[in-house]
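One letter stands for each residue in the lines below.
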Amino acid sequence: AVMCFLVVLVASGPRGFLQAAVGIPYNAFGDELSFSNEMIAFFVPVYMAYITIAVLLVLLYILLHNISKGQVFIDKNVALMRYMSWCCFLGAAEGVASSFLLSRVFYDGNPLQSWYVVSAAAAFVGLIIRVVKNVFQQAVALQRESDLTV
């Protein structure tokens, strides 16, 4: 469902994204949308976030597929969770950079507090995934040890 939403937003182009997701009206950039420096400053971070979210969703799908096959405590799942946590940290960094860039371009330097909150949430989720990854890593070591003793 999330991937379908992302595909619709990307396919809707600049106008659809501006109005549906962010709430910027069509005429905020003039009657005709052209790729000015302001538009590039807006869409580069947004599309970078799309890529990060898409990678994160693919990693999550692979992890859930492994778990559904009964392969829970394996090194591949630990690596997947490591990559997922890095995607969350990258998303947090993108949020801070986007807030800084967009506040300079559109809001006369006033910080966008909501982007900072989203960035903090992404970093927190990354930390939680990292803790779960460490637990899985210990479980993999325990499973190896128990396999050797039997």
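## A few points about the overall build of the protein chain
The helix and strand tally for the protein chain stands at five helices and zero strands. Counting from the amino terminus, helix and strand elements in the protein chain follow one another as α-α-α-α-α. Within the span of the protein chain, comprising 150 residues, buried residues form 29% of the whole. Taking as baseline every contact in the protein chain between residues at least 6 positions apart, the subset at least 24 positions apart corresponds to 63%.

## Some thoughts on the packing of aromatic side chains
Under the criterion given, the structure shown has three aromatic pairs. Seen from their ring centres, tyrosine 47 and tyrosine 50 are 5.4 Å apart, and the 65 degrees between their planes marks the pair as edge-to-face. Taken as a pair, tyrosine 47 and tyrosine 50 lie in helix H3 (residues 37-68) at a separation of three residues, close to a single helical turn. In this structure tyrosine 47 comes out as partly exposed when scored by relative accessible area, which is 27%. For tyrosine 50, a relative accessible area of 10% gives the class buried. For the pair tryptophan 86 and phenylalanine 89, a centre-to-centre distance of 5.7 Å together with 75 degrees between the ring planes defines the contact as edge-to-face. Remark: phenylalanine 89 and tryptophan 86 occur in helix H4 (residues 75-105); sequence separation between them is three residues, near one turn of the helix.

## A closer look at the environment of tryptophan 115
Tracing the backbone shows tryptophan 115 in helix H5 (residues 113-149). Its relative accessible area of 28% is what places tryptophan 115 among the partly exposed residues. Sequence separation between tryptophan 115 and alanine 92 is 23 residues, and the spatial gap between their C-alpha atoms is 9.1 Å.

## Looking at the environment of glutamine 138
Its location among the elements puts glutamine 138 in helix H5. C-alpha of glutamine 138 to C-alpha of phenylalanine 73: the two residues are 65 residues apart in sequence and 9.1 Å apart in space.

## Quick word on the pattern of salt bridges
Throughout the structure, instances matching the rule amount to one salt bridge. A salt bridge links aspartate 75 to arginine 144; its shortest N-O distance comes to 2.2 Å. With a gap of 69 residues between them, aspartate 75 in helix H4 and arginine 144 in helix H5 connect regions that are remote in the sequence. According to the relative accessible area criterion, arginine 144 is partly exposed, its value standing at 45%.

## What about the nonpolar core?
By size, the foremost hydrophobic cluster in this structure holds eleven residues: Leu59, Leu63, Val78, Leu80, Met81, Met84, Cys87, Cys88, Ile129, Phe136 and Val140. Every element with two or more residues in this core is listed here: H3, H4 and H5. If one sorts the elements of this core by residue count, H4 sits on top with six residues. With residues up to four places along the chain from it excluded, the contact list for leucine 63 reads Asn77, Leu80, Met81 and Met84. Among the nonpolar cores identified, the runner-up in size contains seven residues, and Met39, Phe42, Phe43 and Leu112 belong to it.

## Brief notes about the state of the cysteines
Any covalent bond linking the sulfur atoms of two cysteines counts as a disulfide. The final tally for this structure, using the stated rule, is zero disulfides. The thiol sulfur of cysteine 88 is not disulfide-bonded, and the nearest other cysteine sulfur, from cysteine 87, lies at 7.1 Å. On the basis of relative accessibility, which here comes to 9%, the residue cysteine 88 falls in the buried class.

Analysis parameters
- Residues numbered from 1 in each chain as written.
- Predicted model: local features only at pLDDT ≥ 70, side-chain atom pairs only at ≥ 80, totals over all residues.
- Heavy atoms only, no water.
- Helix = DSSP H or I, 4+ residues; strand = E, 2+ residues; numbered from the N terminus.
- Buried < 20%, exposed > 50% of the residue type's maximum accessible area, 1.4 Å probe, protein only.
- Contact = heavy atoms within 4.5 Å.
- Phe/Tyr/Trp six-rings, centres within 6.5 Å; stacked < 30°, edge-to-face > 60°.
- Salt bridge = Lys/Arg side-chain N within 4 Å of Asp/Glu carboxyl O.
- Core = buried A, V, L, I, M, F, W, Y, C linked by side-chain atoms within 4.5 Å.
- Disulfide = S-S within 2.5 Å.

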